[in-house]
Each structure stands twice: as C-alpha cells, then as structure tokens.
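If you want the building blocks of each chain, they are given just below.
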Amino acid sequence: MKRLLLLFVLAILTLSLNACGDYSDTASEIPTEEAMPSGVDPTESERDTPETDPLADNSDPISSDNPTPISDELPSGYLESSETIFYQIYDQLGKPGDIITEVETDYATCTYFIPDSPEISQLMAEYNAKYICSHISLDTFESFALFVYPDFLEIYYIPSPGLLDARIHDVGAAMVTTHFFNGESIYSASINAVIDGQTQSFLSEYGSSTPIVEFDSSGPNLSDIQLDLLRQALDYCTQ
C-alpha cells in the first residue's frame, strides 16, 4: 500500500506543462528507476494506470471542469478534504521573502512563498510577471518549483494522495527541481513554457548525483546560463 501511494504521489508530481483543451499543467518532473504511471485522474485515484516513460508527455491532466469546489483563498495549516479543491490565483501574492501559506496533509508539507532573489525579482519586473515558489516535502523526496503566470495560477488539493500542487493556466513558464532520498540523493531539473497549447522545454536534465539547480527557502539560485534559459522561456510565453 505504501508503495502504491508513493507511485500515485509521483504520478501527480510528474504533470508538466502539457496542453489539454484549455488547461496546461506544470508540476515536478521526477525520474525514477521504474516507469511512472501516466496522468492520474483525481476522481479515480485507485484505478490501475498503464506504465509509461517518466519523461514522456502526459495527456490526461487533472481537469477542473468537474463539479468540485473552487476558492480564491488559499488554505493554511492542516488540510483534509474528501473532494478535490481548486484555488484560482489571479494576483501577485506578497513580496520577496514572504511565506504565502504553509499546509500540512497526512502525507506532505507544502509551502508557497515569494522567492527572495534579486535576480528573479529583476527578471520578473522586466516581464511584469506574477510569480510564486512551492516547496513540497514528503518522506521520500523534496520538490521545489517556480511558477510564472501572466493570467492566473491554479493551486489544487487532491484527496488521494493528499497533496497540494500547482499548475499554470493557458500561458506561463515553470522551473522545477527535485531530489530524492533513496539511500542517495538523485537530482533533476527542468524549465518549461507553454503558449496556445504548445509546450517548449528549455532545460531537461535528470538523474544527476549533484544539484543541477540550487534551490532553497530563498528560491532558486540560478547560474547565468540557467537564468538565460528562464528568460528564453518567458520570451516564448510573451512572443
């Protein structure tokens, strides 16, 4: 059961900027030694899912077209619900260094904050972009992500496996870095962008024994090359 739960959690976090109808997902792309399940339907989380390449596109993202609760106010503290909840964020939340919310579930700790990084702040100002970072921590791994959203951001809670995650709606860019604790640390990183249903990858590296992108509670610490790749992703979104 614990193994099955972990596979469901990893499947949710592998949702990346893939177009599906009017929605595009962005979440951690996580390599494992085993093939990962394809996209998980939150209303059928106990079903069997076919195995696939963890780096392949997922074409079955979570949809907010179903009649589930929607709120514009983020939760805080302990979160438990039997229904999927979508939180739609249209504004810039807070200023650099602010912790927007901290949420605990039975399986994860999820923190959303504004990175305290002069390089990121300057880049976002150039594009007049709204942005936020997430930090998701489970027993087996951690994931950091930076979301840039011109329109609005969806942060959603999934009852099983009890996870609060985020995705960009329609147009935007995301940078994700993850690492595992399976006896040793394994790192991955990606920078993706989407516009008009088309996804473009600017960085995609997996399985490194050393961090590809330094990421902590202050946000991403990007090299000049990585900062330029993120700039290219933002150019792609605003072309």
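Residues numbered from 1 in each chain as written. Predicted model: local features only at pLDDT ≥ 70, side-chain atom pairs only at ≥ 80, totals over all residues. Heavy atoms only, no water.

Colleague: Give a detailed account of the overall build of the protein chain, specifying residues and quantitative values.
Modeller: Scanning the protein chain for helices and strands turns up 3 helices and 18 strands. Counting every position in the protein chain, which comprises 239 residues, the buried fraction comes to 53%. Long-range contacts, defined as pairs at least 24 residues apart, comprise 57% of the intrachain contacts of the protein chain with a sequence gap of at least 6. When the accessible area of the protein chain is evaluated, it comes to approximately 10900 Å², of which 45% is carbon and sulfur surface. (Helix = DSSP H or I, 4+ residues; strand = E, 2+ residues; numbered from the N terminus. Buried < 20%, exposed > 50% of the residue type's maximum accessible area, 1.4 Å probe, protein only. Contact = heavy atoms within 4.5 Å. Areas by Shrake-Rupley, 256 points an atom, 1.4 Å probe, with all protein chains shown as cover.)

Colleague: Please provide a residue-by-residue account of the environment of Tyr112, values included.
Modeller: Checked against the element boundaries, Tyr112 lands in strand 9 (residues 109–113). Spatially, the C-alpha atom of Tyr112 lies 5.6 Å from that of Cys133, the residues being 21 residues apart in sequence. Setting aside anything within four residues of it in sequence, one finds Tyr112 in contact with Ile99, Ile100, Thr101, Ile132, Cys133, Ser134, Ile155, Leu164, Asp165 and Ala166.

Colleague: Tell me about the sheet that holds strand 16 (residues 198–208), and name the residues and values.
Modeller: Spatially, 6-8-9-10-11-14-15-16 is the arrangement adopted by the 8 strands of the open sheet, whose pairing is mixed. For this open sheet the edge positions go to strand 6 (77–78) and strand 16, each flanked by a neighbour on one side alone. Here strand 9 runs beside strand 10 (residues 131–137); their pairing, made up of 5 bridges, is antiparallel. Bridge assignment links Phe113 to a residue of strand 10, and that residue is Cys133. Packing against the sheet, helix 3 (residues 224–237) makes contact with strand 11 (141–148), strand 14 (172–181), strand 15 (185–195) and strand 16, and its axis sits at approximately 30° to strand 15. (Pairing = 2+ DSSP bridges. Axes fitted to C-alpha atoms, helices over the stretch in contact; angles between N-to-C directions.)

Colleague: Can you explain the side chain of His135? Please cite residues and give values.
Modeller: With respect to the helices, strands and loops of the structure, His135 is situated in strand 10. A relative accessible area of 18% means that His135 is categorised as buried. A distance of 2.7 Å separates a polar atom in the side chain of His135 from a polar atom in the side chain of Glu142. Look past the residues within four positions of His135 in its chain and what remains in contact with it is Thr109, Cys110, Thr111, Phe113, Glu142, Ser143 and Phe144. (Polar contact = N/O pair within 3.5 Å; in protein donor to acceptor, adjacent residues only side chain to side chain.)

Colleague: Any chance you could break down the packing of helix 2 (residues 118–127) against helix 3 for me, citing the residues and the numbers?
Modeller: How two helices sit against one another is set out by the angle between their axes and by the gap between those axes. Axis separation between helix 2 and helix 3 bottoms out at 11 Å; the angle between their running directions is 20°. The angle between helix 2 and helix 3 places the two elements in the roughly parallel class. Handedness of the helix 2/helix 3 crossing: right-handed. Packed against helix 2, whose contacting residues are Glu119, Ile120, Leu123, Met124, Glu126 and Tyr127, the element helix 3 presents Leu227, Leu230, Arg231, Leu234 and Asp235 at the interface. (Parallel < 35°, antiparallel > 145°, perpendicular 65-115°, else oblique. Left-handed = near helix turned anticlockwise from the far one by under 90°.)

Colleague: For the pattern of salt bridges, give the residues involved together with the corresponding values.
Modeller: As enumerated under the stated definition, the model contains 3 salt bridges in all. In this structure, Asp98 and Lys95 form a salt bridge, with 3.6 Å as the shortest nitrogen-oxygen distance. Residue Asp98 is classed as partly exposed on the basis of its relative accessible area, which comes to 23%. Across the pair Arg167 and Glu154 runs a salt bridge whose closest N-O atoms are separated by 2.7 Å. Taken together, the positions of Arg167 in strand 13 (residues 163–168) and Glu154 in strand 12 (residues 153–158) put the pair 13 residues apart, joining distant regions of the chain. When sorted by exposure, Arg167 lands in the same class as Glu154, which is buried. (Salt bridge = Lys/Arg side-chain N within 4 Å of Asp/Glu carboxyl O.)

Colleague: Describe the nonpolar core, and please don't skip the residues or the numbers.
Modeller: By size, the foremost hydrophobic cluster in this structure holds 57 residues, and its most contacted members are Leu146, Leu153, Ile155 and Leu164. Apart from residues lying up to four places away in sequence, Leu146 is in contact with Pro115, Ile120, Tyr131, Ile132, Cys133, Ala173, Ala174, Met175, Phe215, Pro220 and Leu230. (Core = buried A, V, L, I, M, F, W, Y, C linked by side-chain atoms within 4.5 Å.)

Colleague: Hey, could you go over the pairing of strand 11 for me, with residue numbers and the actual values?
Modeller: Among the 8 residues of strand 11, 8 are classified as buried, and the element is accordingly described as predominantly covered. With burial as the criterion, each face of strand 11 is covered, one bearing Phe141, Ser143, Ala145 and Phe147 and the other bearing Glu142, Phe144, Leu146 and Val148. Bridge analysis of strand 10 against strand 11 gives 7 bridges, and the strand direction is antiparallel. The residue bridging Ser137 from the neighbouring strand is Glu142, located in strand 11. Here strand 10 hands over to strand 11 after 3 residues, the two strands then running antiparallel side by side. Relative to strand 14, strand 11 runs antiparallel, the two being bridged by 8 bridges. Among the inter-strand pairings, Phe144 is bridged to a residue of strand 14, identified as Thr177.

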